[in-house]
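The residues making up each chain are set out below.
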Amino acid sequence: MAGKRKRNLTRGLRFRLTAGYALFFTVLLIGMAGLLRARLATLIDAQAHTTLDQEWAAIKGYLRVETYGHNPPEASWYYDEHDPDENYIVERMRRVYLLTDANGKIVDNQVSTAYRNLGIDAPADIQQLVKQILASYAPGSPGKAFWTVRRNPQGAPYLIRSGIVFDEHNHAPYYLAIGTALSENYKILNEFTWVFVIIIPASLILGSLLGWFMAGRALEPVLAVAQTAQRISGSNLSLRIPTRGASDELDYLILTFNRMIERLEASFRQMKQFSTDVSHELRTPITAIRGQLEVALFTAKTTEQYHEAMVNALQDIDRLSQIVRALLLLSQAESGQLVLQKSSVDLRELIRDLVEQFQIPAEAESVRLIADAPYECPAEVDRVQVERMITNLLSNAIKFTPEGGEVRVKLRSQSGSAEIIVEDTGRGIPKEYLPHIFDRFYRVPGSGTAPGPDQGLGLGLSFVAWIVKAHNGTVDVESSPGQGTRFAIHLPAGQAAASTKELVVSRS
Ligand code: ADP
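In this text the structure is predicted, and so the values were computed from the model without any measurement.

Turning to the packing of aromatic side chains, a few remarks are in order. Scanning the entire structure with this criterion turns up 5 aromatic pairs. Taking 5.0 Å as the distance between ring centres and 65° as the angle between the ring planes, the aromatic pair formed by Y21 and F25 counts as edge-to-face. Of this pair, Y21 and F25 both sit in helix α2 (residues 13-62), 4 residues apart, which is roughly one turn of that helix. Overall, the relative accessible area of 30% leaves Y21 in the partly exposed class. Plain terms: the ring middles of F24 and F25 are 5.2 Å apart, the flat faces sit at 80° to each other, and that makes the pair edge-to-face. Under the relative-accessibility criterion, F25 is labelled partly exposed at 30%. Feature note: the residues Y21, F24 and F25 constitute an aromatic cluster, connected by ring pairs.

What follows is the structure in C-alpha cells.
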C-alpha cells in the first residue's frame, strides 16, 4: 500500500511539475554561478595585471641602477622619505621584488624576503629571458613583460611580472621582477563560490517548497473535478463543480465538465422518461385486453359475446405489436443500425403518388388534399424512408384538420436542395408544445388525446426527425393554433449531401 502510494506520488503531476521546476532552476543557478565566477576571475586577474603594470611603470621613477668603473652596479631608490605617500608606494613595490644583472646575479642585495621565499630565478633562465627581450626590444616601446604565478612554501600564490630595466650611464640591461600576492583575490573568488554553494541549495529547497505548494494549489481544481466525477453516478447527476471565477484553463475544464454532466443528465432524464412512457404505453392495451377477456370469461354467454371480446382483444394486441415494432425500428434507426438505401428518386412523382393514396382517407374526413409539385425534382434519398416521412406528416395533417379544411403538399427545388412542405388549416399546435412534438410518445395535450385504439402512438414525428437527420436535412415547424400547421423539410438533393448539419427545429 505504502509502495503504491509512493509510486503514485512520484508519478503525480504535482511531483513532476515541482521536480521539473527544481531541475530547471538547479541548472539555471549553477550555470549562472559558473558564468559569474568565471567573469569575476577574469576581472580580478585583469586587475592584478593592471596593478603590476602600473607599479612597473612607477618603479622606473624610483629605482636607479648605476655602474661606476669596474665596481659592481649599485641600486638606489630615489624618493622623499618624509612623504608618507611616497614611502607607502615604495614600500609596496619593494614587498616582492628582485633585481639582477643580465647574468642573473643579484644586484646590490636588491631582493625582498617575500621574493626569496618564492625562489630566486635560475641565472640560466634570466640570461635566456634577457636575451629574448633584447632581441625584440625597441627604444621607447614598453618592453616585453613576462607573467608567471608562483607559490611560496606556504602555498600562497603570487603573480610575478618580469622584464628588463637599463642602467643610467652605460645602458646595460638588468633583470627586474615584481610581484603581488594573489591570495586576496583567491579569497574573494572562494567567498563568492561559498556564497553560491550555500545559496543554491537553500534557494532550491525554498523554490521547491514554493513550487510544490503552487503546483498543489494549481492542481486543486483538477482533483476536485476528479473527486466530483467519482461521486457522480446515474442517481446524482445534478452534481456540479463550482468554477473559481479565474476564467483560466481550469475553469474552462470545469465548465466543459459541467456541460458534459448536464448533457448526460438530460439524456438520462430522457431515457427514464422514455422507459416510463414505454411501460405506460404498453400497460394501457394490456390492461384493456385483460379487462375484455375477464369480462368475457365471467359474463359472456353467447358465442357473439365471446367473439366480440376476442375482436376487441385482437385490436389491442395489434396496437401493442404496432408500438413494439415502431419502437424497435426507431431504436435501430437511432443507434445507427438502420442504413439508408439511397437511390435517385423523383420527389414530384413520389409526392403525387402519396397524395393519390391519401385521397380516400382525406375524403372520409372531408378534407381537401392538394399536391403542389409542378416540377420534376430528382434527389438522392432513401425512397422508403422519405415515403414514411411524408406519410407521417400527411396522416397527422389530415387527422388534425377539421372537416372542410385543406391539406397541401408543396415541392420546391432550390439550389442543391429540395424543400417539401406539408401544411394544413387544422387546429395547430400551441407554442409551448412545439419543442416537444418530435419527442417519442409525445402527444399535444388537448382534445382527443386520450390514448385509445384510434389515437396515434406519438412516434410519427420522432421518425420524421430521424429520417430528416439521416439525410442531413433540416425540419422547420410553424404553427398557429386554430389556423394551421406548416412543416418545411429541406433535403440535400445531390450525392454530395453528406453535410453534417444538425437537426434544426425552429418554433414560431
Ligand atoms: P401521433 O402519432 O400522435 O400523430 P406524432 O409524433 O406524429 O404522434 O405527433 C405528435 C403530436 O404532435 C401529435 O399528437 C399532435 O398533437 C401534434 N401534431 C403533429 N402534427 C400535427 C398537425 N399537423 N396539426 C396539429 N397537431 C399536430
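Before going further, it helps to spend a moment on the site of the ligand. By nearness alone, 20 residues border the ligand, and N396, D424, L457, G458 and L461 come closest of all. Within the side chain of K399, one N or O atom sits 3.3 Å away from an oxygen atom of the ligand. Between a nitrogen atom of the ligand and a side-chain N or O atom of D424, the distance comes to 2.9 Å. About the coverage of the ligand: the protein hides 97% of its 530 Å² of free accessible area. For the shell around the ligand, the secondary structure elements donating two or more residues are α11 (383-399), α12 (460-470) and β14 (484-492). Broken down by element, the shell around the ligand gets its largest block of residues, 3 residues, from α11. Its residues assigned to classes, the shell around the ligand comprises 10 nonpolar, 6 polar and 4 charged.

What follows covers the pattern of salt bridges. In the structure shown here, the tally under the stated rule is 15 salt bridges. Note that R161 and D53 form a salt bridge whose closest N and O atoms lie 2.8 Å from each other. Of this pair, R161 sits in strand β6 (residues 157-166) while D53 sits in helix α2, placing them 108 residues apart in sequence. Given a relative accessible area of 7%, R161 falls into the buried group. Here D53 falls in the partly exposed class, since its relative accessible area comes to 33%. For R412, the salt bridge goes to D372, with nearest N and O atoms at 3.1 Å. Placement of R412 in strand β11 (residues 406-414) and of D372 in strand β9 (residues 368-372) is noted, with a sequence separation of 40 residues between them.

Attention now moves to the environment of T284. Along the chain, T284 falls in helix α7 (residues 249-299). Sequence separation between T284 and D316 is 32 residues; the distance between their C-alpha atoms is 9.0 Å.

A few words now on the nonpolar core. Counting 46 residues, the largest nonpolar core has L347, M389, I390, I420 and I437 as its most contacted members. Considering each element in turn, this core owes the most residues, 7 residues, to α11. Ignoring sequence-local partners within four residues, the contact set of I390 consists of L350, I351, L354 and I420. By size, the runner-up hydrophobic cluster in this structure holds 20 residues, among which are W56, Y97, L99 and V165.

So, about a nonpolar patch on the surface. Together, Y21, L210, F213 and M214 line one region of the surface with nonpolar side chains, adding up to about 380 Å² of accessible area. Among the elements that line the nonpolar patch, the one with the most residues is helix α6 (residues 183-231), at 3 residues. Structurally, F213 can be placed in helix α6.

In spatial order, the strands read β4-β3-β7-β6-β5; together these 5 strands make up an open sheet with antiparallel pairing. Only two strands of the sheet have a single neighbouring strand rather than two, namely β4 (106-111) and β5 (146-151). Adjacent strand axes in the sheet meet at a mean angle of 20°, parallel and antiparallel pairs treated alike. Of the strand pairs in this sheet, β6 and strand β7 (residues 173-181) are connected by 9 bridges, and their pairing is antiparallel. Each residue of the ladder has a partner; that of F166, found in β7, is P173.

Backbone hydrogen bonds are what pair the strands of a sheet, in a parallel or an antiparallel way. Strand order in the open sheet formed by 5 strands is β9-β11-β12-β14-β13, with mixed pairing between adjacent strands. One side of each edge strand has no neighbouring strand; the edge strands of this open sheet are β9 and β13 (474-480). Taken pair by pair, the neighbouring strands of this sheet meet at an average axis angle of 10°, ignoring direction. Packing of helix α9 (residues 347-357) onto the sheet brings it into contact with β9, β11 and β12 (417-424), and relative to β11 it is tilted by some 175°.

Mean pLDDT over the protein chain stands at 86; residues scoring 70 or higher make up 93%. Across residues 449-453 the pLDDT falls below 50, and counting only partners more than four positions away or on other chains, this stretch makes 8 contacts in the model.

All right, on to the packing of helix α8 (residues 303-334) against α12 then. Two quantities define a packed helix pair, namely the angle between the helix axes and the distance between the axes. Where α8 meets α12, the closest approach of the two axes is 11 Å, and the angle between their N-to-C directions is 25°. Relative to α12, the element α8 is oriented roughly parallel. Relative to α12, α8 is oriented so that their crossing is left-handed. Touching A326, L329, L330, A333 and E334 of α8 are S462, F463 and W466, all from α12.

Here α6 is 49 residues long and its end C-alpha atoms lie 69 Å apart, about the 72 Å a rise of 1.5 Å per residue gives. Of all bends in α6, the biggest is about 40°, found at L219, and the proline P221 comes one to four residues later.

What follows is about a negative patch on the surface. A contiguous patch of negative charge, built from E349, D353, E356 and E376, is present on the exposed surface. Relative to the assigned elements, D353 resides in helix α9. Assessed through its relative accessible area of 40%, D353 is described here as partly exposed.

On to unusual backbone geometry. Of note in the backbone geometry, N109 takes a positive phi value of approximately 60° without being a glycine. Inspection of the secondary structure puts N109 in strand β4. Positive phi values are uncommon outside glycine, yet F441 reaches one of about 65°. For F441, a relative accessible area of 7% gives the class buried.

Definitions and cut-offs
- Residues numbered from 1 in each chain as written.
- Predicted model: local features only at pLDDT ≥ 70, side-chain atom pairs only at ≥ 80, totals over all residues.
- Heavy atoms only, no water.
- Phe/Tyr/Trp six-rings, centres within 6.5 Å; stacked < 30°, edge-to-face > 60°.
- Helix = DSSP H or I, 4+ residues; strand = E, 2+ residues; numbered from the N terminus.
- Buried < 20%, exposed > 50% of the residue type's maximum accessible area, 1.4 Å probe, protein only.
- Near = heavy atom within 4 Å.
- Polar contact = N/O pair within 3.5 Å; in protein donor to acceptor, adjacent residues only side chain to side chain.
- Areas by Shrake-Rupley, 256 points an atom, 1.4 Å probe, with all protein chains shown as cover.
- Nonpolar A, V, L, I, M, F, W, Y, C, P; charged D, E, K, R; others polar.
- Salt bridge = Lys/Arg side-chain N within 4 Å of Asp/Glu carboxyl O.
- Core = buried A, V, L, I, M, F, W, Y, C linked by side-chain atoms within 4.5 Å.
- Contact = heavy atoms within 4.5 Å.
- Patch = residues over 30% accessible without salt bridge, like charges linked within 9 Å, V, L, I, M, F, W, Y side chains within 5 Å.
- Pairing = 2+ DSSP bridges.
- Axes fitted to C-alpha atoms, helices over the stretch in contact; angles between N-to-C directions.
- pLDDT = per-residue confidence, 0-100.
- Parallel < 35°, antiparallel > 145°, perpendicular 65-115°, else oblique.
- Left-handed = near helix turned anticlockwise from the far one by under 90°.
- Expected span 1.5 Å × (residues − 1).
- Bend = angle between axes of the 7 residues up to and from the residue.
- Lys, Arg positive; Asp, Glu negative; His and termini not counted.
- Charge placed at Lys NZ, Arg CZ, Asp CG, Glu CD.

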